[in-house]
Amino acid sequence: MNTVTQNEGKPVSSQPANPERSLVSPNVNIIETTDGYILEAEMPGVAREGLEVSLEDNVLTIVGRRQPDPSAKLLHRESNPVDYRRVFELDPAIETGKINAQMEQGILTLTLPKTEKIKPRRIAVN
Amino acid sequence: MTLTRWQRPDFWGLAPLRRVTNLRDEVDNLFNLAFGHFLDVRPENGHGSQSLEGWFPAVDVYEEKDSLLVKAELPGLKKEDISISLDNGNLTLSGERKQEEKRQDAGVYHSERWVGRFHRTVSLPFRVDAEKIKASYNEGVLTVTLPKAEDAKPKQIPISVK
């Protein structure tokens, strides 16, 4: 069984490139500012090509596939031969059309701005 | 204020528990400490004593035909934050992940990533050519390639017969 399905039977994630690899949840920091949210997901070993960020309705899915292990003789292993996946249900105040994603040194940074009308505004009084 | 709702992916009946993963790493290291390892990959905090606290980046070691490959998972650093040193057959990787500057208007919602110093030492199983060591840092993984010293490479010894 290679696909994960949600309630309506629509697949949320495509099948893993490496079926032997299990999927774990990457560590994530979330900061909320007046303008929106900043989400940082830690996925070492994942290059831009291995990254998949998708949005369906209000559900954000992040999938990161790590580079394959070196084909040399293994002497000592501590890292897990896993890929990363995490799903978030987004605050409806987020303007999904303006979500921005950057990937640097294994950290995916997503900027999720809130819609204008939610931000506190001053109202001028005539 | 609306809250972002969290969903842990729950598939194949197994919910990934990252805290359990960290605990397993710690238990593995307890075993390494207790039974020893011909290839000693030790955690050390700044005081040089064995410690399981703080950031414990995963280190993998591979042997290629002519070199040793040491890979450490260190996401989110700049290469200036990492230092690599070789001393007496021990390779030490250390550095610090600094806390990002506090933003005036920010409230931290959820924090799972490690911050702080890390310090790992790998005791090398054979002699290496210190002049030819190379290191690269990509996708948050530091890869150190240590070529074997000439006398550490396997050699054919010719036999003379009178």
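Please read these numbers as outputs of a predicted model, since none were measured by experiment. (Residues numbered from 1 in each chain as written. Chains lettered and ligands numbered in written order. Predicted model: local features only at pLDDT ≥ 70, side-chain atom pairs only at ≥ 80, totals over all residues.)

A few words on the overall build of chain A. Each helix and strand in chain A was counted, giving zero helices and eleven strands. Listed N to C, the secondary structure of chain A is β-β-β-β-β-β-β-β-β-β-β in terms of helices and strands. Put simply, chain A has 126 residues, and 32% of those count as buried. In chain A, the proportion of contacts linking residues at least 24 apart, taken out of those at least 6 apart, comes to 52%. (Helix = DSSP H or I, 4+ residues; strand = E, 2+ residues; numbered from the N terminus. Buried ≥ 20, exposed ≤ 12 C-beta atoms within 10 Å, placed from the backbone. Contact = placed C-beta atoms within 7 Å.)

Before going further, it helps to spend a moment on the environment of Val141 of chain B. Looking at the secondary structure, you find Val141 of chain B in strand β10 (residues 141-147). The exposure class assigned to Val141 of chain B is buried, which follows from the 23 C-beta atoms found within 10 Å. For the pair Val141 of chain B and Ala58 of chain B, spaced 83 residues apart in sequence, the C-alpha separation works out to 9.8 Å. In contact with Val141 of chain B, not counting residues within four places along its chain, are Pro44, Gly45 and Gly106 of chain A together with Lys71 and Glu73 of chain B.

This part is about the confidence of the model for chain A. When pLDDT is averaged along chain A, the result is 82, and 82% of the positions lie at 70 or above. Ignoring residues within four places in sequence, the model shows residues 1-16 of chain A, a span with pLDDT below 50, making 21 contacts including any to other chains. (pLDDT = per-residue confidence, 0-100.)

Moving on to the sheet that holds strand β4 (residues 28-32) of chain A. As summarised here, the arrangement of the five strands in space is β10(A)-β11(A)-β5(A)-β4(A)-β7(B), forming an open sheet in which the pairing is antiparallel. Edge strands, defined here as strands with exactly one partner in the open sheet, are β10 (100-104) of chain A together with β7 (107-111) of chain B. Averaged over all neighbouring strand pairs, the angle between strand axes comes to 15°, with direction disregarded. Taken together, the four bridges between β4 of chain A and β7 of chain B define a ladder with antiparallel strand orientation. Across the sheet, residue Glu32 of chain A finds its bridge partner in β7 of chain B, namely Gly107 of chain B. (Pairing = 2+ DSSP bridges. Axes fitted to C-alpha atoms, helices over the stretch in contact; angles between N-to-C directions.)

Another aspect to go through is the pairing of strand β6 (residues 90-97) of chain B. Residue and element names in this part refer to chain B. The side-chain alternation of β6 yields one buried face, formed by Leu91, Leu93, Gly95 and Arg97, and one unburied face, formed by Asn90, Thr92, Ser94 and Glu96. Examined bridge by bridge, strand β5 (residues 82-87) and β6 share six bridges and lie antiparallel to one another. Bridge assignment links Ser83 to a residue of β6, and that residue is Ser94. Joining the antiparallel neighbours β5 and β6 is a turn of two residues, in which Asn88 adopts a positive phi near 55°.

Glancing now at unusual backbone geometry. For Gln105 of chain A, which is not glycine, the phi dihedral falls at a positive 45°. Note that Gln105 of chain A resides in the loop between β10 and β11 (107-113). Even without being glycine, Glu139 of chain B reaches a positive phi, approximately 50°.

Membership of the largest hydrophobic core comes to 21 residues, with the highest contact counts inside it found for Tyr37, Leu39, Ala41 and Leu108 of chain A. Elements supplying a minimum of two residues to this core: β4, β5 (36-42), β7 (59-66), β9 (83-89) and β11 of chain A. Ala41 of chain A has contacts with Pro26, Val28, Ile62, Arg86 and Leu108 of chain A, leaving out every residue within four places of it along the chain. Counting 16 residues, the second largest nonpolar core, distinct from the first, contains Leu74, Leu91, Leu142 and Val144 of chain B. (Core = buried A, V, L, I, M, F, W, Y, C linked by C-beta atoms within 7 Å.)

The antiparallel open sheet is built from five strands, whose spatial order is β8(A)-β3(B)-β4(B)-β10(B)-β9(B). In this open sheet, the two edge strands, each paired with only one partner strand, are β8 (73-76) of chain A together with β9 (134-138) of chain B. On average, each strand axis in the sheet is inclined to that of its neighbour by 25°, with strand direction left out of account. Here β9 of chain B pairs with β10 of chain B via five bridges, running antiparallel. Bridge pairing in β10 of chain B links Tyr137 of chain B to Leu142 of chain B.

A few words on the confidence of the model for chain B. Residue and element names in this part refer to chain B. For chain B, the average pLDDT comes to 74, and 62% of its residues sit at 70 or higher. Predicted confidence is poor over residues 33-39, with pLDDT under 50, and the contacts of this stretch with residues over four places away or in other chains come to eight contacts. Note on the complex model: pTM 0.69, ipTM 0.74.

As a further point, take the environment of Arg65 of chain A. Residues and elements named next belong to chain A. By the secondary structure assignment, Arg65 is in strand β7. When the 22 C-beta atoms within 10 Å are taken as the criterion, Arg65 is described as buried. Linking Arg65 and Val46, residues 19 residues apart in sequence, is a C-alpha distance of 5.6 Å.

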